[in-house]
Amino acid sequence: AAFACAVSNPGVNGTVRCWGANAAGQLGDGTVTQRVRPVQVNATATKMLKGVTAVAAGGSTACALLTTGSVKCWGLNSSGQLGNNSLVGSRLPVQVTGINGVATKASSIAVGANFACARLATGAVRCWGNNASGQLGNNSIVTSKVPVVVKTSTTVALSGVTAIAAGAGHACAVRGSGAGARVSCWGNNLNGQLGIGSTVCDPAQPQALP
């Protein structure tokens, strides 16, 4: 929403630059000053964020995936979309709880409107932030300030995921690859965005496309 980001030299030397609106600190440069040209996302007040392989932006929040598999986010945090067990926004990147590149590693990220998701190296998915439409996919509509496991039922975790994408209040995952690939979506379905042939469904867990 009114800002954008790009990765330069993805990998161990990868950095991020952002530009546009910055009222919530979503440019990650430690300020709330609007920028009409790209500015460097910083890890600290004096040190740039490095080791970035991918960046995703949505609403007034952005997240970066690092080479270690760690995920860091910055900007608005009104629904816990920074994933750091807080509701306080940050003008600099903060560590997403539990996805620190040590015990749990991410391989891709997606950011929606006030929520975000990460595909783990194991093929599972975790999401955090606003959950009013079930967009966290954990069989509830309770907002979470830390990542929760996306499930296909009350007890079974979504698995075998090869790609993820997030919209305003819904998300989708590709499971498998090639001719056997399938898509599952979860969250808001007011306009049929889950692709299941109707605008009515249980929004709290993934729905497989027909």
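Residues numbered from 1 in each chain as written. Predicted model: local features only at pLDDT ≥ 70, side-chain atom pairs only at ≥ 80, totals over all residues. Heavy atoms only, no water.

> So, the nonpolar core: which residues are in play, and what are the values?
Among the nonpolar cores identified, the biggest contains 17 residues, and Cys-63, Val-71, Cys-73, Ile-99, Ile-109 and Trp-128 are the most heavily contacted of them. Among the elements of the structure, strand 5 (61-66), strand 6 (70-75), strand 7 (90-100), strand 8 (106-111) and strand 9 (115-120) are those that each provide at least two residues to this core. Counting residues in each nonpolar core, the second largest holds 14 residues, with Ala-110, Cys-117, Leu-136 and Ala-171 among its members. (Core = buried A, V, L, I, M, F, W, Y, C linked by side-chain atoms within 4.5 Å. Buried < 20%, exposed > 50% of the residue type's maximum accessible area, 1.4 Å probe, protein only. Helix = DSSP H or I, 4+ residues; strand = E, 2+ residues; numbered from the N terminus.)

> I'd love a proper account of the pattern of salt bridges, names of residues and values included.
Under the counting rule described, the total for this entry stands at one salt bridge. Residue Asp-29 pairs with Arg-35 through a salt bridge whose shortest N-O separation is 2.9 Å. (Salt bridge = Lys/Arg side-chain N within 4 Å of Asp/Glu carboxyl O.)

> If you had to explain the state of the cysteines to someone new, which residues and values would you point to?
Per the counting criterion, the structure on display carries four disulfides. The residue that forms a disulfide with Cys-117 is Cys-127, at a sulfur-sulfur distance of 2.1 Å. Judged by the torsion about the S-S bond (105 degrees), the Cys-117/Cys-127 disulfide is right-handed. Linking Cys-117 in strand 9 with Cys-127 in strand 10 (residues 125-129), this pair joins segments that are 10 residues apart in sequence. (Disulfide = S-S within 2.5 Å.)

> So what's going on with the environment of Ala-116? Which residues, and what values?
One can find Ala-116 in strand 9. Distance from Ala-116 to Ala-57, taken between C-alpha atoms, is 9.1 Å for residues 59 residues apart in sequence.

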